[in-house]
Amino acid sequence: MKPVSKSVLILLPVIAFALLLQACGSTEAKSDDANKEAPAAPALEAFSLQKEQLSSAIKIPGELQAFQRVDLYAKVSSFVKKLYVDVGSEVNAGQLLVTMEAPELNSQLSGAGSRLKSQEAIYLSSKATYDRLLETSKTPGTVSQNDLDIAFAKQQSDLAQLDAARAAYHEVGDNRNYLEIRAPFSGVISRRNVSAGAYVGPAGAGSSLPIFTLQEQKKLRLIVSVPEAYVSYLNNNSEVGFTVKSMPSQVFRAKVSRLSGALDERLRAQNIEMDVVNNDKQLLPGMVAEVSIPLTNPEGTFVVPSKAVLNSTQGVFIIKVINHKAIWVPVKTGRIVDGKVEVFGELALNDVLIKTASEEIRDSSDVKQLTMVGTVKN
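Residues numbered from 1 in each chain as written. Predicted model: local features only at pLDDT ≥ 70, side-chain atom pairs only at ≥ 80, totals over all residues. Heavy atoms only, no water.

> Kindly report on the pairing of strand S21 (residues 340–345), identifying the contributing residues and their values.
The pairing of strand S17 (residues 301–305) with S21 spans three bridges and is classified as antiparallel. When the bridges of S21 are listed, Val-303 appears paired with Glu-342. Sheet analysis places strand S20 (residues 325–337) next to S21, joined by five bridges and oriented antiparallel. If you follow Lys-332 over to S21, its bridge partner there is Phe-344. Between S20 and S21, which pair antiparallel and follow one another directly, the connecting turn spans two residues, one of which, Asp-338, has a positive phi of 50 degrees. (Pairing = 2+ DSSP bridges. Helix = DSSP H or I, 4+ residues; strand = E, 2+ residues; numbered from the N terminus.)

> Describe helix H3 (residues 145–177), with residues and values.
With 33 residues, H3 ought to run about 48 Å at 1.5 Å a step, and its terminal C-alpha atoms sit 48 Å apart, in line with that. Listing the buried residues of H3 in full gives Leu-148, Ala-151, Gln-155, Asp-158, Leu-162, Ala-165, Val-172 and Gly-173. Lining the buried residues of H3 we find helix H2 (103–136). (Expected span 1.5 Å × (residues − 1). Buried < 20%, exposed > 50% of the residue type's maximum accessible area, 1.4 Å probe, protein only. Contact = heavy atoms within 4.5 Å.)

> Talk me through the confidence of the model for the protein; I want residue IDs and the actual numbers.
Regions with low pLDDT carry predicted coordinates that are not meant to be interpreted in detail. Per-residue confidence for the protein averages 83 on the pLDDT scale, and 85% of its residues sit at or above 70. Low pLDDT, under 50, characterises residues 4–9; the predicted model gives this stretch one contact beyond four residues in sequence or across chains. In the model, residues 27–41 has pLDDT below 50 throughout and makes one contact with residues more than four positions away in sequence or in other chains. (pLDDT = per-residue confidence, 0-100.)

> Now, about the sheet that holds strand S7 (residues 96–101): what can you tell me, with residues and values included?
Read from one edge to the other, the open sheet built from four strands follows the order S8-S7-S5-S10, with strand pairing classed as antiparallel. Edge positions in the sheet fall to strand S8 (180–182) and strand S10 (199–200), since each has one partner strand and no second. Bridge count for strand S5 (residues 78–83) against S10 is two bridges, and the pairing is antiparallel. By the bridge assignment for S10, Ser-78 is matched with Val-200.

> I'd like a rundown of the pattern of salt bridges, residues and numbers included.
Summed over the entire model, instances satisfying the criterion amount to 15 salt bridges. Notably, a salt bridge pairs Lys-325 with Asp-366, separated by 2.8 Å at the nearest N-O pair. With Lys-325 in strand S20 and Asp-366 in strand S23 (residues 365–366), the pair connects residues that are 41 residues apart, well separated along the chain. A residue is classified by how much of its surface remains accessible, and Asp-366, at 54% relative accessible area, is exposed. Here the residues in one salt-bridge network are Arg-221, Arg-258, Glu-273 and Asp-275, joined through shared partners. (Salt bridge = Lys/Arg side-chain N within 4 Å of Asp/Glu carboxyl O.)

> If you had to explain the sheet that holds strand S9 (residues 187–192) to someone new, which residues and values would you point to?
Strand order in this open sheet of four strands is S4-S11-S9-S6, and the pairing throughout is antiparallel. What marks the edges here is a single partner per strand, and that holds for strand S4 (69–72) and strand S6 (90–91). Here S6 runs beside S9; their pairing, made up of two bridges, is antiparallel. Residue pairing in the sheet places Val-91 in a bridge with Gly-187 of S9.

> Lay out the packing of H2 against H3 in plain terms, naming residues and giving numbers.
As a packed pair, H2 and H3 sit with axes 8 Å apart at the nearest point and diverge in direction by 160 degrees. Here H2 is positioned roughly antiparallel relative to H3, judged by the angle of their axes. Helix-helix and strand crossings are classified by hand; for H2 and H3 the assignment is left-handed. Residues that form the contact of H2 with H3 fall into these classes: 18 nonpolar, nine polar and eight charged. (Axes fitted to C-alpha atoms, helices over the stretch in contact; angles between N-to-C directions. Parallel < 35°, antiparallel > 145°, perpendicular 65-115°, else oblique. Left-handed = near helix turned anticlockwise from the far one by under 90°. Nonpolar A, V, L, I, M, F, W, Y, C, P; charged D, E, K, R; others polar.)

Structure below.
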């Protein structure tokens, strides 16, 4: 075995001293790191929950209909004699539209008149007989009570027959009056289905189509089916705007006049009617309108920033701070307008809510630092 050189023996103490210094430095560094405090978590921003009124609108198709519309049929079977109006004619209430003829009605009226006169003569005769017997009976023993009663009964019977004959005569006369058709209200003739000489009669008996269709044009009905989710935003004082395809740049106004008060079983929507004044006749019955319905709740609703709503796999929540703890509260959302959203759930005024909800804020976790940023305002 070779002896260790002097140089090696000199280096060994130096290397050992270096290793000792390195170990001491490492221990001191670890001690310094341990003495350093962990950085504090940033404070969570929160706000006080308040009620607000969101201004928004939905657009729903509607239909313009005539305020009054009627199909005019002949009351009695007859032939068209003369038409006084045509499609597009503007008529006034009571104006004569068409006359018809039915010769058999004239014969029936003559017969009814003859029977009426005959019955009048019979009644006058029985009345005169009763009156004479009544006058004679004032002398005791001249007329028996039985004869007087029989004469009185005959007079009443003839009077009843006279009333029946008079009613029959008026019935035929009324039927003859139906040979003239007059406008029940002012409007425009939108359809004509017959010409002079055509056979007409009651619907299904004389003809399957009406003689005329009359529609009121100066006043229209705007009918809209409003979905169930929005019916609470409308009442009898609500005003809406609408446009039609023929005049897309012009906005017409109308007020809600009638609400059906029930939902359609098939569409789950409520029919709402609005009266539209149309004196200039720009709008026509049958037009399809695009109706803009304002959605404003006068009482206001709870509104939060969109970031305050947490959409997780478990549902939709907002995070409420109660006694320095974060509580997940399930909610339902409504309208979303300009970065704000309506929320509905177990909420109350001035509840403290986290402004930016995140799944990192666990349910029932401690909230150590909180910064109030005020209420959410329009």
